[in-house]
Amino acid sequence: MLELNPKAPTGPLEQKWEQHKFSMKLVNPSNKRRHSVIVVGAGLAGASASATMAELGYKVSCFVYHDSPRRAHSIAAQGGINAAKNYQNDGDSVRRLFYDTIKGGDFRARESNVYRLAQVSVSIIDQCVAQGVPFAREYGGLLANRSFGGAQVSRTFYARGQTGQQLLLGAYQALERQIALGAVNMHTFEEMLDLVLVDGHARGIVTRNLITGKITSHAADAVVLATGGYGNVFYLSTNAKYCNTSAIWRAHKKGAAFANPCYTQIHPTCIPVSGDHQSKLTLMSESLRNDGRVWVPIAKGDKRGPSAIPEAERDYFLERKYPSFGNLAPRDIASRAAKEACDDGRGVGPGGLGVYLDFADAITRLGKQTISERYGNLFDMYQRITDENPYQVPMRIYPAVHYTMGGLWVDYNLMTTIPGLHAIGECNFSDHGANRLGASALMQGLADGYFVLPYTIGDYIASNKLAPIDTNHAAFKEAEAAVTGLQTKMLGIKGKRTVDSIHKELGKIIWDYCGMARTREGLTHALELLPKLKAEFWTNINVPGSGEALNQELEKAGRVADFIELGELMCRDALHREESCGGHFRVEYQEAGEAKRDDEHFAYVAAWEYAGDNAAQILNKEPLVYENVHLSTRSYK
Amino acid sequence: MKLNLKVWRQEGPKAQGALETYSLDGVSSDSSFLEMIDMLNEQLTMTGKEPVAFAHDCREGICGSCSMMINGQAHGPWKATATCQLHMRAFKEGDTITVEPWRASAFPVVKDLVVDRSSFDRIIQAGGYVSVNTGGARDANEILIGKEVLDESMDAAACIGCGACVAACPNASASLFTGAKIAHLGALPQGQPERDRRALAMVETMDLEGFGHCTLVGECMEACPKEISIDVIKTMNRDYIMATARRQAPKVATAGAG
């Protein structure tokens, strides 16, 4: 069993972070340049952490598989970033953002981490504005805000529908500045394939250059993973095609506990699937629910077009079921409600898998011009994909996989169960519990990267006397050999199936049995199917080409192999958690159609420990202790 | 629908490339252009051939990875649309579609349709930022920025760094890309202290990287999936000329007395 020490500081909630910052050991400025840190990934978390640590004086090496750090998937975040600025004078505060996040996560996140997140949220906005991030402004020159789900205050900062892009470019530019100064050694087209431990500490990584195929080792005093979420285990998701679990999965296999893998977020407003050719799903920002109204026909099987259905025969189901939050109910709740309507035979569009998101009222009230200013780029994107004009007919939307709350277990210092290995951003599990609120992913990525990790990593470095090592150490040679061996094996199978065909099959299993509604029976069945799929993969895939050049099929194969194993762990986690909470909805555990939590038995973080290739992972529990909030049934009614 | 595809195949940076012809049947008009290429690649893999290497990732028009010259047009026939958002309903039964990589000496071909755009990163490295370290920023609302100024800045900041502007330009100039960053930061109060230095360094780096000069043809603006206006090039030229006029020998920084 692992020793899971969350290292949450004692003392009043409001003072924990201040106290902790004071009690942490420091590395003096002239010594920092003697210490090296590897950062894998350059999305919001990785780019901000790399730039900030370089500014502090550490020798930073940053690795991305893209051609440029500007391509990371943070760039696709549309709607916004939360911060407890209370610029709108509507009663927001650090405490309220903290509470909303804990409640939104269905009381399955760690209090101390979430409070710190809310505290540093205000600094993020200041930092980004100083960098030149063009957040939306009012005519008087002050910053504008919009509302997001799960909150009754307006605290979301945004840059049109491209907030993630603008925040990432801010962090990217800060990173490029450090590269130019020689403080960051940037490695593009370089994919991490293994983590290297020496004397139990994370001391480096093995990578493959995607252009040349060269396998190389890199050593450092600490390793930071900022490699994003694993939503692509479902094959179809709103994630970019390259998003994968391999970095964290291989770290898991080297000893890092994987926490709450079954907590996945299904986003309510995505463009429905149009056919078998579909390679990914496209999100329509949650911000649309500020002005769009979600509805289905009251009558089952109503085949009339939306304009032919009179007002009295429409069911605005979110407004009906959750009058105080209405269309801005949190994502898990809105998704489930849409699924229920479709399961009830009242879905719209091809296959009945869709609900309307209707802007007619808003256009009448505010005018087409205003709606176009607010959401024009999203409306254009919708039209390009569906060939329908959302100014004239309601959008059709359906839930899709969007974000993964689970990830590597980390303590308050964002360190995993492997000393020296840190995980930041979406790839850790830390702040969102069982459901993330809209506009909180950007907040967490930048909080971790700009304001938390750069402090806590100093404490790790100052507290550990790390022997100097280089990549000639036997541990690196072993890892390189393992990576090469795996690659040779995949290239040598020469079977009859493409990697994508296996990936699609995996996605269907996970979506059917570990998606929006999960049952004991279904999960048990999935756990029978997945080992068979794994065997099929390892005996029947066809990876053309060689390992010594750009080979995108080989890249995909490695990622899909890890997804299959992760899928098994997700199902095992979902099966063991006999309650419904947030994005994890077990059909057996509900009350009047709402999720039924079981705090007595399940108020803990499930941290799974790897136990070998053919053994089930071992469950470790970190109890969630609530000293400042009362565990209540989450209600948005 | 059934299509004839002529696709640029090139094994590596130094290899000789050529167009190869493939026939593809059963393409849905609802699929995206990249999903059509996915389909081609499945077909190639199953017939023992190497699939076409191409750059892509988000497939929602924002990461800037995808980069295909489609029938001679950067990102294909739809206006304000990246390759990944182009859908097959833009084509009809029996069409022949030619697909090539971006062509520019500053974007060498890596393989097939993949090119190396690291020259863009080096242009940003030269000065495409505001030099502020993390921490110590003042309250965000202390900097007042009028909505019109902000909108102008945001219009330029929307650039996704795909390189279509370079590919479409007969001179392979990177002026739209470089101008967009200079205009984004130059419009804002935060960008003023380094405005001269930024314009000089970025323009000089653009030249050193081997991009051509701008002769205001305007193809860049037509190809840009984010409809960045050629006005940013005017801004860049103005800033560059003003900065050149003001350029002085750099002042030597002296250590503090403390």
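Our subject is the structure listed above.
Here the residue index of a chain counts from 1 through its sequence in written order. Each chain is given a letter, starting from A, and each ligand a number, starting from 1, according to the order in which they appear as written. The predicted nature of this model means local features are confined to residues of pLDDT at least 70 and side-chain atom pairs, given and counted, to a pLDDT of 80 or more, with totals for whole chains, interfaces and linings taken over all residues.

## Here's the deal with the overall build of chain B
Definition in use: Secondary structure follows DSSP: runs of H or I at least 4 residues long count as helices, runs of E at least 2 residues long count as strands, and numbering of each begins at the N terminus. Burial is judged by counting other C-beta atoms within 10 Å of a residue's own C-beta: 20 or more means buried, 12 or fewer means exposed, and anything between counts as partly exposed, with every C-beta placed from the backbone.
Check the secondary structure of chain B and you find eight helices and seven strands. Its C-alpha atoms put chain B at 75 × 40 × 35 Å along the principal axes. Among the 258 residues that make up chain B, the fraction classed as buried is 52%.

## Let's talk about the interface of chain B and chain A
For clarity, the cut-off: Whether two residues are in contact is decided by their C-beta atoms, placed from the backbone, lying within 7 Å. Side-chain classes follow a simple rule in which Ala, Val, Leu, Ile, Met, Phe, Trp, Tyr, Cys and Pro form the nonpolar group, Asp, Glu, Lys and Arg form the charged group, and the remainder, Gly included, forms the polar group.
The interface is formed by 66 residues belonging to chain B together with 61 residues belonging to chain A. Of all the elements in the fold, those that place two or more residues in the side of chain B that touches chain A are helix 1 (33-46), strand 6 (109-111), helix 2 (118-127) and helix 3 (147-157) of chain B. No other element matches the seven residues that helix 1 of chain B contributes to the side of chain B that touches chain A. Residues of the side of chain B that touches chain A, tallied by class, amount to 27 nonpolar, 23 polar and 16 charged.

## Topic: the pairing of strand 5 (residues 96-100) of chain B
Selection rule: Strands are treated as partners if at least two bridges between them are detected by DSSP.
Judged from the four bridges that link them, strand 1 (residues 3-9) of chain B and strand 5 of chain B form a sheet pairing that is parallel. Paired with Val 7 of chain B across the bridge in strand 5 of chain B is Val 99 of chain B.

## Some remarks on the packing of helix 5 (residues 111-131) of chain A against helix 12 (residues 441-463) of chain A
Residue and element names in this part refer to chain A. Put simply, the test is: Each axis is a line fitted through C-alpha atoms, and for a helix only the stretch in contact is used; angles between axes span 0 to 180 degrees, taken between their N-to-C directions. Geometric relationships in this document are graded by angle, where less than 35 degrees denotes roughly parallel, more than 145 denotes roughly antiparallel, 65 to 115 denotes roughly perpendicular, and other angles denote oblique.
Relative to each other, helix 5 and helix 12 sit at 85°, their axes nearing to 9 Å. Classified by the interaxial angle, the pair formed by helix 5 and helix 12 is roughly perpendicular. Residue-level contacts link Arg 116, Leu 117, Val 120, Ser 121, Ser 123, Ile 124 and Gln 127 of helix 5 to Met 443, Gln 444, Leu 446, Ala 447, Tyr 450, Phe 451 and Val 452 of helix 12. Within the contact of helix 5 with helix 12, the residues separate by chemical class into nine nonpolar, four polar and one charged.

## A short note on the sheet that holds strand 20 (residues 604-609) of chain A
All names here are of chain A. Strand order in the open sheet formed by four strands is 16-10-20-21, and the pairing between neighbours is antiparallel. Lying at the two open borders of the sheet, with one neighbouring strand each, are strand 16 (407-408) and strand 21 (618-623). Sheet topology places strand 10 (residues 258-259) next to strand 16; two bridges connect them, and they run antiparallel. By the bridge assignment, Ala 259 is partnered in strand 16 with Gly 407. Along the sheet, helix 16 (residues 552-576) contacts strand 10, strand 20 and strand 21; its crossing angle with strand 20, the most-contacted strand, is approximately 145°.

## Focus on the sheet that holds strand 7 (residues 201-209) of chain A
All names here are of chain A. Spatially, the three strands line up as an open sheet ordered 6-7-8, and their pairing is antiparallel. Strands with a single pairing partner mark the edges of an open sheet, and in this sheet they are strand 6 (190-198) and strand 8 (215-219). Across this sheet, the average inter-strand angle for adjacent strands is 25°, counted without regard to direction. Sheet topology places strand 7 next to strand 8; five bridges connect them, and they run antiparallel. Paired with Ile 205 across the bridge in strand 8 is His 218.

## Notes on helix 8 (residues 231-246) of chain B
Along an α-helix, residues three or four apart share an orientation, since each turn contains 3.6 residues. For clarity, the cut-off: One fewer than the residue count of a helix, multiplied by 1.5 Å, yields its expected span.
Spanning 16 residues, helix 8 of chain B covers 23 Å between terminal C-alpha atoms, matching the ideal 22 Å at 1.5 Å per step. Against helix 3, helix 5 (175-186) and helix 6 (195-208) of chain B lie the buried residues of helix 8 of chain B.

## Some details on unusual backbone geometry
The phi dihedral of Lys 7 of chain A falls on the positive side, at around 55°, and the residue is not glycine. A count of 13 C-beta atoms within 10 Å places Lys 7 of chain A in the partly exposed class. Despite not being glycine, Asn 71 of chain B shows a phi value in the positive range, around 50°. In this fold, Asn 71 of chain B is placed in the loop between strand 3 (69-70) and strand 4 (73-74). Classification of Asn 71 of chain B as partly exposed rests on a count of 14 C-beta atoms within 10 Å.

By themselves these figures say nothing about function.
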